[in-house]
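# A look at the structure
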Amino acid sequence: MEPLLDIRGLRTYFFLRHAVVKAVNDVHLSVFPGEMVGLVGETGSGKSVTALSVLRLIQPPGRVISGEIIFQGRNLLALSEAEMNNSVRGRAITMIFQNPRSCLNPVLTAGTQIARVYQTHCGGTTRQARERALEFLRLVQIPDPESVFNRYPHQLSGGMCQRVMIAMALICEPALVIADEATTGLDVTVQDQILTLMRELRNKTHTAQLFITHDLGVVAETCDRVLVMYSGRIVEAGAVNEVYARPLHPYTSALLNSVPDLRKDSRPRSIPGEVPDPRNLPPGCPFHPRCDRCTDICRVQEPILVSRGGSRQVACHASVQTEE
Amino acid sequence: MTLPIASGPAGNGLRWKPGLSRQLDYSWYVIRRNPVTLLGFVVVTLFVAVGLLAPLIARRDPIEVAPAFALQSPCRQFWFGTDQYGRDVFSRIVHSARLDLFIALTSVGLAFAIGTAIGALAGYYGGALDATLMRLTDIVLAFPPFILAMGTAAALGAGTANIIYVVAFIQAPIYARLVRGEILSARERPYAEAARCSGNSGLGVVFIHLLPNCLPPLLVQVANNLSWAILNAAGLSFIGLGVRPPTPEWGSMISEGVQFMMSGRWWLFMFPGLAIFVTILGFNLLADGLRDVFDPRLRW
């Protein structure tokens, strides 16, 4: 099957006064139609920059240096700004953010904002847009949509705001929704409701979803496939149950070990060391200073992402050697 | 499956009001709460009412010459007396309010539109555009406002339309600076990024999403600038660069009146002076109060 979104060799750098931050460094990833993919990693690993690169919304001093972003057969990096606005942003690819309340315009009512997105991309009269917005407010299970339509974001709870954002993201029936830490700011019960809702919506609308999060639990609960990111690179990819059951990359296993487990009596283990300074990455594998399986080659040569059967991919010298 | 509602206003017993009516309720509450603001509000309302209803309030023609009644002191027939041509001072002041209201609204409206557009574009796009537009406004701001107004008015020639252009010209940079600052901070907000993500063009983001969020401090500035506009119009007319006689205008009425100061005809310059004083004071008091209305820290 053709992937819906195929990112090849994406590099996004930020050119600061005294340094170059390689926020996204040779990322390859693909998302298939109707698939839910999780993109996990620590803060600063380049998850959000990857998402913004897809929508071409990297602000200076950042810039996409090289790579291809093939979406529905077109290279997004080659499109004009007008084409991006008319046919991609908010239309074919939409985004859901963290802190839903601050991502909604405070001076427009929730309904107006949803309806506006629809009118901008799909046309129609104000009345039709209103009807459609109400329909989608119902779809995201907002009680009393008529009254929510006329409220301002500050009059809604965080969970409600996130539902409004989701309605806005879905109203033009996009092919891909990117959820950037969509549940991070919400408390766990609301988080669970939103995740259940997202899964239900996928089953109804067959919209592919790219879940960006640092929460491994969220990925386990919602996604079909998971991509692990570290220092601007994808270090491991594969089906969620396989990766969680048998992680190939030492970073992935360290991440999984750092999740507290109430069934076991052991304390969660933290990963020794710190995330490398993005302005000054270590030579070789960026994870080697923190890795317990580090060998000589890891210090000099950067591992590339290789296929390990099926959908599994890993970028690690040690893991490849053990296999051989 | 229906999800339980995490939190929501449904059934919490609060009566919900549509946005605008809530806003008006709150504005009225703030105005009422502070007697000084209330005074300002009353004066401004009175000024606007007098301006709108001028021909109904003062029945006498403000420019009709009646030599028989020249230089009458205030009496029951002529409340504010008459001038050297026998024109009713009260009627002239009332009609002048109408003219000044018109000048103030149009010039501030023009300044607001031009200044806001300049500031919004400069703030959002930054770079060379920002530098060019802001240096141009700096040039205008570098001059003392009234000197610049006099110079421009002298170059354009006297007349009501020219006063409007001159006042707009000296006020537009104030809005440009203010809006630029507001846009600079608003463009970094998450909702600006969200707006870009949903396919808004640059102009769409600026004028639909960011600008409405920058309005509160602008409206305070508008209330202040309305009073400056009246003051400038009166000042220019006083030195003969503004409204041309015989059209009544407070500034030109004072300048015609001062020649009778020595002979004790105080009503000729006192009443137009008081009119200016009270109106300007009203606008300034209201502007202070408006700051409270728009201060988000005082919101519920």
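Residues numbered from 1 in each chain as written. Chains lettered and ligands numbered in written order. Predicted model: local features only at pLDDT ≥ 70, side-chain atom pairs only at ≥ 80, totals over all residues.

Our focus in this paragraph is the overall build of chain A. Counting its secondary structure elements, chain A contains 13 helices and twelve strands. Taking the principal axes of the C-alpha coordinates as reference, chain A spans close to 65 × 50 × 40 Å. Looking at chain A as a whole, 47% of its 324 residues qualify as buried. Long-range pairs, those at least 24 residues apart, make up 64% of the contacts in chain A between residues at least 6 apart in sequence. (Helix = DSSP H or I, 4+ residues; strand = E, 2+ residues; numbered from the N terminus. Buried ≥ 20, exposed ≤ 12 C-beta atoms within 10 Å, placed from the backbone. Contact = placed C-beta atoms within 7 Å.)

As a further point, take the overall build of chain B. Scanning chain B from terminus to terminus reveals eleven helices and zero strands. Ordered by position from the N terminus, the helices and strands of chain B form the series α-α-α-α-α-α-α-α-α-α-α. In terms of principal-axis extent, the alpha carbons of chain B reach across some 90 × 55 × 25 Å. Taken across its 300 residues, chain B has 43% of its residues classed as buried. Counted over contacts in chain B with a minimum sequence separation of 6, partners at least 24 positions apart contribute 67%.

With that out of the way, let us pick up the interface of chain B and chain A. The parts lose accessible area when they come together, and the size of an interface is often stated as this lost area. Each partner contributes to the interface: chain B provides 23 residues, whereas chain A provides 36 residues. Looking at the side of chain B that touches chain A element by element, the count peaks at six residues for helix α8 (residues 190-197) of chain B. Looking at the side of chain B that touches chain A residue by residue, the classes come out as twelve nonpolar, nine polar and two charged. (Nonpolar A, V, L, I, M, F, W, Y, C, P; charged D, E, K, R; others polar.)

One recurring pattern in soluble globular proteins: nonpolar side chains tend to sit buried together. The biggest cluster of nonpolar side chains holds 172 residues, and the ones touching the most others in it are Ile-114, Val-164, Met-165, Ala-167, Leu-176, Ile-178 and Phe-211 of chain A. Take this core: its biggest share by element is 18 residues, from helix α9 (residues 202-238) of chain B. For Met-165 of chain A, the residues in contact, after removing those within four places along its chain, are Ile-96, Phe-97, Pro-100, Cys-103 and Leu-104 of chain A. (Core = buried A, V, L, I, M, F, W, Y, C linked by C-beta atoms within 7 Å.)

Here we come to the environment of Glu-81 of chain A. Residues and elements named next belong to chain A. Mapped onto the elements, Glu-81 comes out in helix α2 (residues 81-88). The exposed category is assigned to Glu-81, around which 11 C-beta atoms lie within 10 Å. Counting along the chain gives 27 residues from Glu-81 to Leu-108, while the straight-line C-alpha distance between them is 26 Å.

All names here are of chain A. In this chain, Pro-60 is followed by Pro-61 through a cis amide linkage whose omega measures 10°. Structurally, Pro-61 is set in the loop between α1 (47-54) and β4 (62-71). Phi is positive for His-206, which is not a glycine, with a value near 55°. By the element assignment, His-206 lies in the loop between α8 (188-205) and β8 (208-213). The phi angle at Ser-231 is positive, at roughly 50°, despite the residue not being glycine. As for its position among the elements, Ser-231 is in the loop between β9 (225-230) and β10 (233-239).

Residues and elements named next belong to chain A. Strand order in the open sheet formed by four strands is β2-β1-β4-β5, with antiparallel pairing between adjacent strands. The sheet is open, and its two edges are formed by β2 (20-31) and β5 (74-75), each paired on a single side. Bridging between strand β1 (residues 5-15) and β2 involves nine bridges; their strand directions are antiparallel. Residue Ile-7 lies in a different strand from β2, and its bridge partner there is Leu-29. Each of β1, β2 and β4 touches α1; the most contacted strand, β2, lies at about 70° to it. (Pairing = 2+ DSSP bridges. Axes fitted to C-alpha atoms, helices over the stretch in contact; angles between N-to-C directions.)

Our focus in this paragraph is the sheet that holds β10 of chain A. Residues and elements named next belong to chain A. In space, the eight strands of this open sheet follow the order β6-β7-β8-β3-β9-β10-β12-β11, with mixed pairing throughout. Sheet topology places β6 (93-96) and β11 (306-307) at the edges, where each strand pairs with a single neighbour. Summarising the sheet, β9 and β10 pair through six bridges and their orientation is antiparallel. Paired with Met-229 across the two strands is Ile-234, which belongs to β10. Relative to the sheet, helix α7 (residues 158-170) contacts β6 and β7 (176-180), its axis offset from that of β6 by approximately 175°.

All names here are of chain B. Interhelical geometry of helix α6 (residues 145-156) versus helix α7 (residues 160-186) gives an angle of 145° and a closest axis separation of 9 Å. Between α6 and α7 lies a crossing whose hand is right-handed. Across the interface between the two elements, Pro-145, Leu-148, Ala-149, Thr-152, Ala-153 and Leu-156 of α6 pack against Asn-162, Ile-163, Tyr-165, Val-166, Val-167, Phe-169 and Ile-170 of α7. Taken together, the residues of the contact of α6 with α7 break down into eleven nonpolar, two polar and no charged. (Left-handed = near helix turned anticlockwise from the far one by under 90°.)

Here we take up α1 of chain A. Along an α-helix, residues three or four positions apart point the same way, because every turn accommodates 3.6 residues. Residue and element names in this part refer to chain A. Within α1, eight of the eight residues are buried, which leaves it mostly tucked inside the rest of the structure. Along α1, the residues that are buried comprise Lys-47, Ser-48, Val-49, Thr-50, Ala-51, Leu-52, Ser-53 and Val-54. Where α1 terminates, the next one or two residues include Arg-56, which has phi positive at roughly 55°.

Before going further, it helps to spend a moment on α8 of chain B. Of all the eight residues making up α8 of chain B, seven are buried; the element is thus mostly covered by neighbouring parts of the structure. When we look at burial in α8 of chain B, the residues that qualify are Tyr-191, Ala-192, Glu-193, Ala-194, Ala-195, Arg-196 and Cys-197 of chain B. At its buried positions, α8 of chain B is contacted by β6 and α3 (100-103) of chain A together with α7 and α9 of chain B. The positive-phi residue at the C-terminal boundary of α8 of chain B is Gly-199 of chain B, with phi of around 90°.

Residue and element names in this part refer to chain B. Here Ser-73 shows up in the loop between α3 (54-57) and α4 (89-125). Remark: the alpha-carbon pair of Ser-73 and Gly-127, spanning 54 residues in sequence, is separated by 63 Å. Look past the residues within four positions of Ser-73 in its chain and what remains in contact with it is Gly-81 and Trp-267.

Residue and element names in this part refer to chain B. Counting all residues, the mean pLDDT for chain B is 83, and 90% of those residues have values of 70 or more. Predicted confidence is poor over residues 1-16, with pLDDT under 50, and the contacts of this stretch with residues over four places away or in other chains come to 22 contacts. Confidence metrics for the complex model read pTM 0.79 and ipTM 0.81. (pLDDT = per-residue confidence, 0-100.)

All names here are of chain A. Closest axis-to-axis distance for the helix α4 (residues 110-122)/helix α5 (residues 126-139) pair is 9 Å, and the angle between their directions is 115°. As α4 packs across α5, the resulting crossing turns out to be right-handed. The residues of α5 that touch α4, namely those facing Gly-111, Ile-114, Ala-115, Tyr-118 and Gln-119, are Ala-129, Arg-130, Arg-132, Ala-133 and Phe-136. Residue classes in the contact of α4 with α5 are distributed as six nonpolar, two polar and two charged.

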